[in-house]
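# Descriptive structure summary
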Amino acid sequence: MPLFAFDDATCRALAEAHGTPCFAYSAAVAAEQFTALRDVLPRRVRLAYAVKANPHPALLRCFAGLGASFDCASIGELDRVEALGLPPGRTFFAGPGKRGPELSKALAMGVRVQAEGWEDLARLDALATGEVAVNLRVHPAFDLDEGNRIIGGTGPSAFGVDEEEVPALLARAASLRHVRIRGLHVFAASNQRDAAKLLAIHDAVLDLAKRLHQAHGLVFEQVDLGGGLGIPYAPEEAPLDLATFGQGLSDLLAAHPWFTGELILEPGRFLAGPCGLYLARVVRSKESRGTRFAILEGGINHLLRPLLTGQAFPVKAVGKGPGEGPTTLAGPLCTSLDRLGEVRLPALEAGDLLAFGQAGAYGLNEGMTHFLSHPVPPEIWVA
Ligand SMILES: Cc1ncc(COP(=O)(O)O)c(C=O)c1O
């Protein structure tokens, strides 16, 4: 899948038709990305799109139409998925701080809750009137994603139950009247493009499930492997090898014959990233003490990821040929933190149009849109 969802002519047409800054999403690319992944997965692997990556209603409808389930992490995301009118059983609800109204809504919608600790279990038990199956989110003792900051390593975590605390929690859970633990959830990778590493993590999760099954007699209908499938953010980054990944999951299922349930994958970035572009024009360019700056119409109010991760989105100067020089991309906000990256671009002047690729995931919805009260950019769905 290319880094940019639209060619230069389409970028220019979108900018002229809708004004800038704006986000544009390609329905064709979103569908292609979803089906490319779905088509390599074994039958017993279910895809649940992580709504947090991009909750745009048209994107949710697109994935729902292709058979997606959904991973939600707030009442707002549950509302958006409820609006799709899906049958029960297609939605999951994760998050380390679930409040009463959120759990009530999840119960009413027939959503499968990823219980992150005793409070989720007890609160659900108090709200439920019949049997409720939940997955237990475990914070594992292994860290196979090399200390990825988003995952947080094996240290203290706000997420899930520490692996070593699981026996005590299960003993306590025996007193619950309605809630039954029927699944495991582990989220242990982020933006991982190496199929072998993802598979090693998933294998470790299935090993953990096996230990819990053997030691405590837990019967897992589901093992939820979380998200974390990576996408390239630069031309030199290789994409995830889908054929290897799909085959590896089949091999994993074969290697764990004790597990007869369903595997769940919850990718957000992988499914939504490639379909989106952020379009913004250069407001002015300047040279400061030897550094070339381009100051854009939007910055971290629209794309926060470069500040959070230190990695720029791929960017092209629309309609400008080759010719590259180091350029610092700054936004219009009154803070030196408002940077979209140090990139290589042709010489830029006011009015030039830049297109940022892979901006369909963790783009506008992760931005600091309220900061400095600039207008919120439109999001255009290109069917
Ligand atoms: C529980 C859960 N599932 C899925 C995801 C999606 O992750 P990604 O976009 O890296 O695939 C996240 C991201 O934070 C998450 O917290």
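How each quantity is defined
Residues numbered from 1 in each chain as written. Predicted model: local features only at pLDDT ≥ 70, side-chain atom pairs only at ≥ 80, totals over all residues. Heavy atoms only, no water. Helix = DSSP H or I, 4+ residues; strand = E, 2+ residues; numbered from the N terminus. Polar contact = N/O pair within 3.5 Å; in protein donor to acceptor, adjacent residues only side chain to side chain. Contact = heavy atoms within 4.5 Å. Domains from an automatic or database assignment. Buried area = accessible area lost by both parts, 1.4 Å probe. Salt bridge = Lys/Arg side-chain N within 4 Å of Asp/Glu carboxyl O. Near = heavy atom within 4 Å. Areas by Shrake-Rupley, 256 points an atom, 1.4 Å probe, with all protein chains shown as cover. Nonpolar A, V, L, I, M, F, W, Y, C, P; charged D, E, K, R; others polar. 1 Å grid on protein atoms, 1.4 Å probe; cavity = no way out; pocket = protein on both sides within 12 Å on 5 of 7 lines; lining within 4 Å. Points joined across faces, edges and corners; volume = space filled by probe spheres on them. Buried < 20%, exposed > 50% of the residue type's maximum accessible area, 1.4 Å probe, protein only. Axes fitted to C-alpha atoms, helices over the stretch in contact; angles between N-to-C directions. Parallel < 35°, antiparallel > 145°, perpendicular 65-115°, else oblique. Left-handed = near helix turned anticlockwise from the far one by under 90°.

### Quick look at the side chain of R46
Its location among the elements puts R46 in strand β2 (residues 45-50). Here the side chain of R46 touches G89 through a polar contact of 2.9 Å, landing on its backbone oxygen. Beyond its immediate stretch of four places on either side in the chain, R46 contacts S69, G89, R90, F92, Q222, E262, L263, I264 and L265.

### Structural notes on the domain arrangement of the protein
Size of an interface: often given as the accessible area lost when the parts come together. Segmenting the protein into domains produces domain 1 (27-271) and domain 2 (274-382). Here the C-alpha centroids of domain 1 and domain 2 sit 32 Å apart. Listed by partner, the interface residues are 22 residues for domain 1 and 17 residues for domain 2. When domain 1 packs against domain 2, close to 1,700 Å² is buried across both sides, 57% of that on carbon and sulfur atoms. At the boundary of domain 1 with domain 2, the tally comes to 0 salt bridges.

### Topic: the site of the ligand
Around the ligand, the surrounding shell holds 14 residues, and the nearest of these are G228, E266, G268, R269 and Y362. In this structure, an oxygen atom belonging to the ligand sits 2.8 Å away from a main-chain N or O atom of G228. Between the ligand and the protein, one listed contact pairs an oxygen atom with a side-chain N or O atom of Y362 at 2.5 Å. Here the ligand has 400 Å² of accessible area as a free molecule, and 89% of this is covered by the chains. Residue composition of the shell around the ligand, grouped by class: 5 nonpolar, 4 polar and 5 charged.

### Concerning the layout of surface pockets
Put simply, the second largest pocket is a space of about 320 Å³. Looking at the second largest pocket, it is lined by 21 residues, and the ones nearest its centre are P235, V315, E324, V343 and R344. Split by residue class, the lining of the second largest pocket holds 14 nonpolar, 2 polar and 5 charged. Each of domain 1 (27-271) and domain 2 (274-382) contributes no fewer than three residues to the lining of the second largest pocket.

### Examining unusual backbone geometry
Here the amide bond leading from T20 into P21 is cis, since omega sits at -5°, within 30 degrees of zero. Within the element layout of this structure, P21 appears in the loop between α1 (8-18) and β1 (22-26). For Y362, which is not a glycine, the phi torsion comes out positive at approximately 50°. By the element assignment, Y362 lies in the loop between β16 (353-356) and β17 (379-382).

### What about the pattern of salt bridges?
Across all of its chains, the model carries 16 salt bridges by this definition. Between E221 and R182 there is a salt bridge, and its shortest N-O distance comes to 3.9 Å. Of this pair, E221 sits in the loop between α8 (195-216) and β9 (222-224) while R182 is found in strand β8 (residues 179-185), placing the two residues 39 residues apart along the sequence. You can call E221 partly exposed: its relative accessible area is 37%. For R182, a relative accessible area of 25% gives the class partly exposed. Between K320 and D352 there is a salt bridge, and its shortest N-O distance comes to 2.8 Å. Taken together, the residues span a long stretch of sequence, with K320 in the loop between β13 (315-317) and β14 (325-330) and D352 in the loop between β15 (339-345) and β16 at a distance of 32 residues. For D352, a relative accessible area of 13% translates into the label buried.

### Some thoughts on the packing of helix α5 (residues 100-109) against helix α6 (residues 118-127)
Packing of α5 against α6 brings their axes to within 10 Å, and their N-to-C directions diverge by 60°. Relative to α6, the element α5 is oriented oblique. Judged by the sense of rotation from one axis to the other, the crossing of α5 with α6 is right-handed. In contact with G100, L103, S104 and L107 of α5, α6 contributes D120, R123, L124 and L127. Here the residues of the contact of α5 with α6 are counted per class, giving 4 nonpolar, 2 polar and 2 charged.

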